[in-house]
Every structure is written in structure tokens, then in C-alpha cells.
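Topology and contacts: notes
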Amino acid sequence: MSVKKRYALYASALLASLLLTAVGYAWKNAAVFEPVTRAELGTVQAQIELGGNPASVLQRNELRITLQTADGSPVRDARIEAALVMPDMLCGTYQVKLEQMEPGIYTGEAVPLMPGTWQAEAAFELDGGTFTAVHRFEAVR
């Protein structure tokens, strides 16, 4: 093989590896989730967020849910059930016990069990109906 062909082959391989690296970084950045999820639950607006972004595996991460009516008044004493789940995995769920810290603000400790994509699923009983909201997040070591 001539020197020119060998050089062209090496240059092509280098270019291909740089392209694959760039695509990998773009894909990794595409998996970034919003730090706050907002949802309309009938006449109530919900905001769901984690204290850390990304969340820490096997550590306590504060899950915070804020509920308010359309006029901005806090929703007091709401019935909320929350759990952490890994989509497409069979590793079970982690129940999050929420307490009302102040009117309309509910917090609890969320502990993701392994690295990866998780979601906090919250079910609300409001205005005589049941609503759900999902906040997706990443957990890292």
C-alpha cells in the first residue's frame, strides 16, 4: 500500500472516530432533563422538582411538590402519593413519604437505588378527581 493511501486511510479512521465521539456527546446531552416539571391538574397547578440535579444514587434527595390554584393560593392538605420508578426496568419502586412543610409545599426523601434515568410519579386527589404527573430525572454516583 502506498504512503498516500495509508495516510488517507488513517485520516478517514480519525475523522470517523471524531464523528462518533461528537455524536456520542450530542446523544448524552440530549438525555438532560428539565430541573422542574409543571403540570395542570384540573384547576390546580403542580410543580415537581428534586433538590439535586442530577440526583445522587443511594443518597437522600429532596422531592418537592408545590400545589397552587389558578389564583396562586396554596393547596393545603392535599392527598399525594409519590414513588420513584425506573422506566423499562423491573427493579420495583421506591415509595416517597411526603409531608406538608408549609401551605401548598410537600416534601419527602427520594433515594434512587442505581444510576440511570428515573421518574418521580405523583398521584393527586384534587377537586373530586385523580390526577398524575411525572418528573423525569437522571441519577448518578
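Up top is the structure.
Residues numbered from 1 in each chain as written. Predicted model: local features only at pLDDT ≥ 70, side-chain atom pairs only at ≥ 80, totals over all residues. Heavy atoms only, no water.

A few points about the sheet that holds strand β6 (residues 93-96)
Across a sheet, paired strands are connected by hydrogen bonds in the backbone, their directions being either parallel or antiparallel. Here we have five strands laid out as an open sheet, ordered β3-β10-β9-β5-β6, and mixed in their pairing. In the strand order of this sheet, the two ends are held by β3 (55-56) and β6, each with one partner. (Pairing = 2+ DSSP bridges. Helix = DSSP H or I, 4+ residues; strand = E, 2+ residues; numbered from the N terminus.)

Points about the pattern of salt bridges
In the structure shown here, the tally under the stated rule is three salt bridges. With its nearest N and O atoms 3.7 Å apart, the salt bridge here joins Arg64 to Glu62. Judged by its relative accessible area of 28%, Arg64 is partly exposed. Of the residues examined, Glu62 reaches a relative accessible area of 36% and is grouped as partly exposed. Residue Glu125 is joined to Arg79 by a salt bridge in which the shortest nitrogen-to-oxygen separation is 3.6 Å. In this pair, Glu125 is assigned in strand β9 (residues 116-126) and Arg79 in strand β5 (residues 79-85), connecting sequence segments 46 residues apart. Classification of Glu125 by relative accessible area gives partly exposed; the value is 42%. For Arg79, a relative accessible area of 54% gives the class exposed. (Salt bridge = Lys/Arg side-chain N within 4 Å of Asp/Glu carboxyl O. Buried < 20%, exposed > 50% of the residue type's maximum accessible area, 1.4 Å probe, protein only.)

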